[in-house]
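Close look at the chain arrangement
Here is what each chain is made of, one letter per residue.
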Amino acid sequence: METEAPGLPVEVIRYILSFLSTSDRKEASLVNRAWYAATLDRSLQKNVLYNLQATCASLESIRGLGRRHSPCVAVSNLDGSVVSKVFIRSIALHLGPHLEDLSLRDSNITETSFMALVPPCCNLRGLDLSGCNSLFMPGTLLSKEESKTRTAGALVNLRELNLSNLRYLSDSTFNRLIDCTPNLQKLSLAGCHITFEFDPYWGTNACNSTAVLSLNNILRFINRQVKTLKRLSFSRTSITNEAVRSVVQVAGLRLEGLVLQYCKDFTDDAVCAICACQPGITNLDLTGCTELTGKSVMTVASSLQHLERLSLGKIRRIADSALKDLPTIPSLQALDVSECYQVSGCELVKGLTSPRAMSNLVSLNFGFCTMVKDSSVLAMAKILGESLRELDLTSCVYITDISIHAIANYLRSLTTLRLGWCKEITDWGLLGMNAPDDSQPAKKEGDNEPKFSRTFGNMGFFAPPKYLDEKPRMITKSDIEASKEKAGASLSVLTCLKELNLTACTKLTDSSISKEIRFEELKTLSLSMVREITDESIVSIATHCRSLERLSLSHCDQLTDQGMIAAASHMKRLTHLDISCCNKITDQTLDVLSQECKWLKSLDVSMCGGLTITGIERIQLLLPTLTNVQARYLGGADLSLTL
């Protein structure tokens, strides 16, 4: 009689699980008790954030997370109710000693609840109080010495504190809270009302106002915390040139990160001060600072030689020429120039090919840069090659199949590819083939534009033909056979892809979608407004992309129950689904989803004419994980439900 094979030691199982993603570990935990026990190891929980809602139904989940020693938890729907108080006591009892990261973002937590929750969490490293206005509105937080002492004991090792979007944060409450965090490294005051130009203390050192949060008080904190403080955020505030200069000139301050998103009151002079006083910065985010120009970019390129991430999105005064010297920054890994409408990428290409170029870019965002063309994409693909992991070309409306060929041939290590609203992309591009001449639309009478060549090797660029709204022609087997001799790499060679966005690529059909979107690791896919796809595509995607967690099929009005039902059995890991404006889908699909997609958390069925309110209510009853349902204009109702 055969004996049962001995089980693997827990240490070996834990080591195997360490190579898997969170969703893969979730599936592996169902193998047997030994594998389940291995997934509870604290080392595997560090990058997992658990979202808990203050309801009676969550109490059992809290006890389970306590056994896992889960270090990261986000709590929502807190208020002064009895249910919230019971919920908080349960978290303090079961999770408190193990918690390292606690988020109370946008909750209505009271001071009493705060004191019941935070002091037992003696190992906190990160605390998010952003938007907790009810906690700060009375102005009495930590005003009692006993409360302050207990909180200080819990926050002594706190590294990150988020105080964003607090309308009632004052110098007084800020000081009492900050006094409890002697080892703080990262502070966010984004969206807070800070007085930068007015000194309410007339030069004195009182700094105890209960009405305002002042720059003077913040500078006093920075001076006191100068040895540990590494990252600051003043996003969405009215910070001025003088205020920026005052912050970065603090003696002994060595910042690694500075976030100034949508700060519209400072100019290039402030950026020059940052570069002169803080040359060790590795992360600089200037997104939406509309007064900046190319001068700031050139100063950054020449001064911040340790910079790793640079965000310049929505700075529309930046010209293409300003980017030329950025590749000389040796440590630069991520560059965001989204919505910089004067940027075409040509000068960046010149910088990448210059002898002084040292960057090894991993992430590149050209979203909404409408001047980007095939020639730039091809050149960057050749230069960056295997190093690039993330590429965003959303709404680069002039790129064509040539760019897709370049991406498939050179950027084989991509994990994220966003091509939404690139309406000139066709099936031929995804298939890695050149379109036959007869597939091009006939030139209209009086159209003097030169015929646009789609041949991959020909980079003489002309404006693409203006047939954005034409209906794509289905590709036949004879078409494919005729193009095989000139075929290059197809999209399916990007085997590392985890996110793919093809929203509104209206010339795509089943011919390429069903054959090329076959990625084992793909987790996020958007095909919204790709109106020509049918059930064939969705069944193929579900069959070949078994790791899919987020799927958007909005306005794909040819999809039916038959395709969705066949696909649902293969999409076991699906957590977010958008099938809004798909009128051929009925309650039958919802019934099957409730049986097959047990992890579904978010569902959008807005304007689906074939669905009923009864069907929506039924799937909510059958799926306790489904906490967010959008059902706008369904059966004459306008529902937006978050449980």
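Basis of the calculations
Residues numbered from 1 in each chain as written. Predicted model: local features only at pLDDT ≥ 70, side-chain atom pairs only at ≥ 80, totals over all residues. Heavy atoms only, no water. Helix = DSSP H or I, 4+ residues; strand = E, 2+ residues; numbered from the N terminus. Buried < 20%, exposed > 50% of the residue type's maximum accessible area, 1.4 Å probe, protein only. Contact = heavy atoms within 4.5 Å. Areas by Shrake-Rupley, 256 points an atom, 1.4 Å probe, with all protein chains shown as cover. Salt bridge = Lys/Arg side-chain N within 4 Å of Asp/Glu carboxyl O. Axes fitted to C-alpha atoms, helices over the stretch in contact; angles between N-to-C directions. Parallel < 35°, antiparallel > 145°, perpendicular 65-115°, else oblique. Nonpolar A, V, L, I, M, F, W, Y, C, P; charged D, E, K, R; others polar. Pairing = 2+ DSSP bridges. Right-handed = clockwise from strand over helix to strand, strands pointing away. Core = buried A, V, L, I, M, F, W, Y, C linked by side-chain atoms within 4.5 Å. Left-handed = near helix turned anticlockwise from the far one by under 90°. pLDDT = per-residue confidence, 0-100. Phe/Tyr/Trp six-rings, centres within 6.5 Å; stacked < 30°, edge-to-face > 60°. Patch = residues over 30% accessible without salt bridge, like charges linked within 9 Å, V, L, I, M, F, W, Y side chains within 5 Å. Lys, Arg positive; Asp, Glu negative; His and termini not counted. Charge placed at Lys NZ, Arg CZ, Asp CG, Glu CD. Polar contact = N/O pair within 3.5 Å; in protein donor to acceptor, adjacent residues only side chain to side chain. Disulfide = S-S within 2.5 Å.

1. Brief notes about the overall build of the protein
- When helices and strands are tallied, the protein shows 23 helices and 23 strands.
- Here the protein holds 643 residues, and the buried ones make up 53% of them.
- In the protein, the proportion of contacts linking residues at least 24 apart, taken out of those at least 6 apart, comes to 77%.
- Accessible area of the protein: about 28200 Å², with a carbon and sulfur share of 52%.

2. Notes on the pattern of salt bridges
- In total, this model carries 18 salt bridges according to the counting rule given.
- One salt bridge connects Asp179 with Lys148, and the closest N-O pair in it is separated by 3.2 Å. Of the two residues, Asp179 is situated in the loop between helix H9 (171-178) and strand E6 (186-188) and Lys148 in helix H8 (residues 145-154); the sequence distance between them amounts to 31 residues.
- One salt bridge in this structure joins Glu596 and Lys572, with 2.4 Å as the shortest N-O distance. Remark: Lys572 occurs in the loop between helix H21 (561-568) and strand E20 (576-578) and Glu596 occurs in helix H22 (residues 587-596); sequence separation between them is 24 residues.
- Overall, Lys572 belongs to the partly exposed group, its relative accessible area being 39%.
- Each of Lys148, Asp179 and Arg224 takes part in one network of salt bridges that share partners.

3. Side note on the packing of helix H11 (residues 241-248) against helix H12 (residues 268-277)
- Close contact between H11 and H12 brings their axes to 9 Å; oriented N to C, the two are set at 5 degrees. Here H12 runs roughly parallel to H11, going by the angle between their axes. Between H11 and H12, the residues in contact are Asn241, Val244, Arg245 and Val248 and Asp269, Ala270, Ala273, Ile274 and Cys277, respectively.
- Residue classes in the contact of H11 with H12 are distributed as 6 nonpolar, 1 polar and 2 charged.

4. Things to note about helix H10 (residues 215-224)
- All of the buried residues along H10 are Leu215, Asn217, Ile218, Leu219, Phe221 and Ile222.
- On its buried side, H10 packs onto H9, E6, strand E7 (194-195), strand E8 (213-214), strand E9 (231-233) and H11.

5. A few points about unusual backbone geometry
- Here Tyr262, not a glycine, exhibits a phi torsion of approximately 55 degrees, which is positive.
- Structurally, the position occupied by Tyr262 is in the loop between strand E10 (257-259) and H12.
- For Ser395, which is not a glycine, the phi torsion comes out positive at approximately 60 degrees.
- In this structure, Ser395 sits in the loop between strand E15 (390-392) and helix H16 (401-410).

6. Thoughts on the pairing of strand E1 (residues 50-53)
- Bridge count for E1 against strand E2 (residues 72-76) is 4 bridges, and the pairing is parallel. Residue pairing across strands places Gln53 opposite Ser76, the latter belonging to E2.
- Regarding the hand of the β-α-β motif, the stretch spanning E1, helix H4 (residues 59-68) and E2 is right-handed.

7. As for the nonpolar core
- Core analysis: the largest hydrophobic core is formed by 175 residues, its most contacted members being Leu163, Leu189, Phe266, Phe366 and Ile517.
- In this structure, Ile13, Leu17, Ala28 and Trp35 belong to the second largest nonpolar core, which totals 6 residues.

8. A few points about H22
- Those residues of H22 that fall on the buried side of the exposure criterion are Asp587, Thr589, Leu590, Val592, Leu593 and Ser594.
- On the buried face of H22, the contacting elements are H21, E20, strand E21 (602-604) and helix H23 (613-622).

9. Considering the packing of H10 against H11
- In the contact formed by H10 and H11, the axes pass within 10 Å of each other and the chain directions differ by 20 degrees. With respect to H11, the element H10 is oriented roughly parallel. Taken as a pair, H10 and H11 cross one another with a handedness that is right-handed. Residues Leu215, Leu219 and Ile222 of H10 pack against Ala243, Ser246 and Val247 of H11.
- Class assignment for the residues of the contact of H10 with H11 results in 5 nonpolar, 1 polar and no charged.

10. Structural notes on the confidence of the model for the protein
- For the protein, the mean per-residue pLDDT works out to 88, and 90% of the residues sit at or above 70.
- Throughout residues 1-5 the model reports pLDDT below 50, and contacts reaching past four residues in sequence, or to other chains, amount to 0 contacts.
- Note on residues 482-486: pLDDT under 50 across the span, and 6 contacts to partners over four residues away in sequence or across chains.

11. Points about the packing of aromatic side chains
- Tallying each qualifying case throughout the model produces 3 aromatic pairs.
- Where Phe174 meets Phe221, the ring centres are 5.7 Å apart and the plane angle is 85 degrees; that geometry is what we call edge-to-face. In this pair, Phe174 is assigned in helix H9 and Phe221 in helix H10, connecting sequence segments 47 residues apart. With respect to class, Phe174 is no different from Phe221; both count as buried.
- Their ring planes at 70 degrees and their centres at 6.5 Å tell us that Phe196 and Phe234 sit as a pair that is edge-to-face. Within this pair, whereas Phe196 is found in the loop between E7 and E8, its partner Phe234 is found in the loop between E9 and H11, the two being separated by 38 residues in sequence. The pair Phe196 / Phe234 is uniform in exposure class, with both members buried.

12. A closer look at a nonpolar patch on the surface
- Judged by side-chain polarity, Leu8, Val12, Tyr15, Ile16 and Phe19 come together as a nonpolar surface patch covering roughly 510 Å² of accessible area.
- Looking at the secondary structure, you find Ile16 in helix H1 (residues 10-17).

13. Some words on a negative patch on the surface
- Side chains of Glu197, Glu242, Asp265 and Asp269 sit close together on the surface and give a patch of like negative charge.
- As for its position among the elements, Glu242 is in helix H11.

14. So, the side chain of Thr173
- You can see Thr173 is positioned in helix H9.
- For Thr173, a relative accessible area of 1% corresponds to the buried category.
- For Thr173, the side chain forms a polar contact with the main-chain nitrogen of Ser170, separated by 3.1 Å.
- Look past the residues within four positions of Thr173 in its chain and what remains in contact with it is Phe136, Gly139 and Tyr168.

15. Let's talk about the state of the cysteines
- Evaluation of the coordinates by the stated rule reveals 0 disulfides.
- Cys581 carries a free sulfur, and the closest cysteine sulfur to it, the one in Cys608, is 6.7 Å from it.

16. Structural notes on the environment of Ala542
- Among the secondary structure elements, Ala542 is positioned in helix H20 (residues 535-544).
- With 30 residues separating them in the primary sequence, Ala542 and Lys572 have C-alpha atoms 9.5 Å apart.
- If we skip the residues at most four places from it in the chain, Ala542 touches Ala567, His570 and Met571.

17. A short note on the environment of Val605
- Tracing the sequence through the fold places Val605 in the loop between E21 and H23.
- What makes Val605 buried here is its relative accessible area of 0%.
- Here the alpha-carbon distance between Val605 and Ser580, two residues 25 residues apart in the chain, equals 4.3 Å.

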